[in-house]
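What follows is the residue order along each chain.
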Amino acid sequence: MNKRRGIIVAVLSGLLFVGPPIALAANGSGDDTEQVNRVLKQMSTAVRELNYRGLFTYEVGGSLDTYQIIHRVSGNTEYERLFKLNGAEREVLRSGQTTNCLSQGDKLLRGLLRPPQISSNLRDNYHFYLTGDERVAGRPTVVVQVVPKDEHRFGYTLGIDKQSGLPLKSMRVSTGKRIMERIQFIDLSVGAEIGDPELNPLSEQHNQAAHDLIDCRSTSTAEQPAWQPNWLPAGFVYSGQRETETGDHMLTYTDGLATFSIFVGRANARAAIEGRAQIGATVAYVNQRVWNGQPHSVTVVGEIPFATAQQVVAALEPRQ
C-alpha cells in the first residue's frame, strides 16, 4: 500500500509543475477550423522551442500558488527551472530533452501520426471554437474553447498569446461546467537570452525531473504492452510503456488533449487496496485485481473523470 500511495503522491505532486498544457488536438467548427488548427499548432511548437521567462499562478481547490518559470532552448535541447514563490519552497529542474522528442499528444496535434482515422477520432470527441480576444499578462490573446462530446473527458478554455503562440491562460472545466483548475501568467518575457546562472537551483532541496511523465528515450510504442484494457474512452490511443523504479508496468494513453497512465504491479494478497485522490482535474484511482490467483494493484492516474478511471481499471487484462 505504501508503494501505491507513493505513486499517487509523486504523480499528483509533480502535476503542480507541468505548467500550461502542451499537447492539444485541434478541430474547429465551420469557418473556424483552419484558424483553430493554426493557433493550436503554433502553441504546441512555442512551448517547446522558445526562450521565455515569467510568473504564473496555479489555482485549484480554493488554493492559489505562484510560480516562476524559466525555459531555454540551447541547440535543440530544452532546459527549464520552476520555482514556487509562496508557501513551502519547491523547485524543479528539467533538462536534457530534445525539442524533437515529441509526445504522442504533440504528434497528434501536428498531424504526424497516421492512419488518418486518428484525426477523425479527435473530431468525434471534441468541439473547438474561437470565442474572442482578451488580454492576459498585458498581452493580447485569442480564446479557444474546447468542449468534450462525452462524459469521459474534460473541457478547456485557453488564452493563447497572439505574438508568441504561448498559452497564457488555461482553465480545465468539468462535465458540469465547473472550473477545476486555472493556470494563468501574470508576467512574461519571450525571446531574450537566458544564461546558465538563471537555470541553477536556488535551493539545495530541488528535484531533477524529466520533461514529461513519459520520457521518450525510455518509452516504446512499437512493443506490445503486457497488459491491455478491453475498454478505453473513444479516441484514446496507446502512447508507450516503461517499467517504473518500483518495478510496476506503466502504460500511457492519450487522445491528443488528455492523458492517463495505468500502473500495474504485484500486491499483497492480504491487503485489499482501493482508494482515490484528486488534484484539480487529475485523478488517481487504485484498485486490486486478481489474475491466475495472483493479486495485482492497478492504478490509473490522469486527466479523466473518476468514473472513467474506474472503467479502465475494470477492463484491464493481461495480454494473452
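All figures in this text were calculated on a predicted structure; none of them were measured in a lab.

Turning next to the overall build of the protein. Looking only at helices and strands, one finds six helices and 18 strands in the protein. The buried share of the protein, taken over its 320 residues, is 52%. Within the protein, residue pairs in contact and separated by at least 24 positions form 55% of the contacts whose partners lie at least 6 positions apart. Summed over all atoms, the accessible surface of the protein reaches about 14500 Å², with 46% contributed by carbon and sulfur.

In this section: the packing of aromatic side chains. Tallying each qualifying case throughout the model produces eight aromatic pairs. Consider the rings of Phe 56 and Tyr 67, whose centres lie 5.5 Å apart with planes at 25°: the pair is stacked. With Phe 56 in strand β1 (residues 52-60) and Tyr 67 in strand β2 (residues 63-74), this residue pair connects regions lying eleven residues apart in the sequence. On the accessibility criterion, Tyr 67 (0% relative accessible area) is buried. An aromatic cluster is built from Phe 236, Tyr 238, Tyr 253 and Phe 260, whose rings are joined through pairwise contacts. Sitting over the ring of Tyr 126, Arg 153 keeps its end group 5.5 Å from the ring centre.

Quick look at the confidence of the model for the protein now. The predicted model of the protein averages 78 in pLDDT, with 73% of residues at 70 or higher. The low-confidence segment residues 1-31, where pLDDT is below 50, has 89 contacts with residues more than four positions distant or belonging to other chains. In this model residues 210-215 is a low-confidence stretch, pLDDT under 50, and it forms 20 contacts with partners more than four residues away in sequence or in other chains.

A word on unusual backbone geometry. Positioned with a positive phi, Lys 177 is a non-glycine residue whose angle comes to about 65°. Its location among the elements puts Lys 177 in the loop between β8 (167-173) and β9 (179-190). One non-glycine residue, Asn 292, adopts positive backbone phi at about 55°. Mapping Asn 292 onto the fold places it in the loop between β16 (282-291) and β17 (294-302).

All right, on to the nonpolar core then. Counting 33 residues, the largest nonpolar core has Val 144, Val 146, Ile 160, Phe 260, Ile 262 and Val 300 as its most contacted members. The biggest single contributor to this core is helix α2 (residues 33-49), with four residues. Look past the residues within four positions of Val 144 in its chain and what remains in contact with it is Val 39, Phe 128, Tyr 129, Leu 130, Tyr 156, Thr 157, Leu 158 and Ile 160.

Moving on, we get to helix α6 (residues 306-314). Of all the residues in α6, the buried ones are Thr 308, Ala 309, Val 312 and Val 313. Buried residues in α6, looked at end-on, bunch into an arc of 140°, giving them a common side. Packed against the buried residues of α6 are β11 (227-229), β14 (259-266), β16, β17 and β18 (316-318).

Before going further, it helps to examine the pairing of strand β7 (residues 155-161). In terms of burial, β7 is largely enclosed, as seven of its seven residues are buried. Residues Gly 155, Thr 157, Gly 159 and Asp 161 of β7 are buried on one face, and the alternating residues Tyr 156, Leu 158 and Ile 160, pointing to the opposite face, are buried as well. Where strand β6 (residues 139-148) and β7 come together, six bridges link them in antiparallel fashion. Residue Val 144 lies in a different strand from β7, and its bridge partner there is Leu 158. Linking β6 to β7, which pair antiparallel, is a turn of six residues. Taken together, the six bridges between β7 and β8 define a ladder with antiparallel strand orientation.

Moving on, we get to the pairing of β17. β17 sits mainly inside the fold: eight of its nine residues count as buried. The pairing of β14 with β17 spans seven bridges and is antiparallel. Bridging across to β17, Arg 266 finds its partner in His 296. Here β16 runs beside β17; their pairing, made up of nine bridges, is antiparallel. Residue pairing in the sheet places Ala 284 in a bridge with Val 301 of β17.

Attention now moves to the sheet that holds β16. Pairing between the strands of a sheet is mediated by backbone hydrogen bonds and can be parallel or antiparallel. If you walk across this open sheet you meet the six strands as β12-β13-β14-β17-β16-β15, and the pairing is antiparallel. At either end of the open sheet lies a strand with only one pairing partner, and these are β12 (237-243) and β15 (275-279). The average undirected angle you get between the axes of adjacent strands in this sheet is 20°. The strands touched by α6 are β14, β15, β16 and β17; relative to β16, the strand with the most contacts, the crossing angle is about 25°.

Quick notes on the rules
Residues numbered from 1 in each chain as written. Predicted model: local features only at pLDDT ≥ 70, side-chain atom pairs only at ≥ 80, totals over all residues. Heavy atoms only, no water. Helix = DSSP H or I, 4+ residues; strand = E, 2+ residues; numbered from the N terminus. Buried < 20%, exposed > 50% of the residue type's maximum accessible area, 1.4 Å probe, protein only. Contact = heavy atoms within 4.5 Å. Areas by Shrake-Rupley, 256 points an atom, 1.4 Å probe, with all protein chains shown as cover. Phe/Tyr/Trp six-rings, centres within 6.5 Å; stacked < 30°, edge-to-face > 60°. Lys NZ or Arg CZ within 6 Å of the ring centre and 35° of its normal. pLDDT = per-residue confidence, 0-100. Core = buried A, V, L, I, M, F, W, Y, C linked by side-chain atoms within 4.5 Å. Arc of directions from axis to C-beta. Pairing = 2+ DSSP bridges. Axes fitted to C-alpha atoms, helices over the stretch in contact; angles between N-to-C directions.

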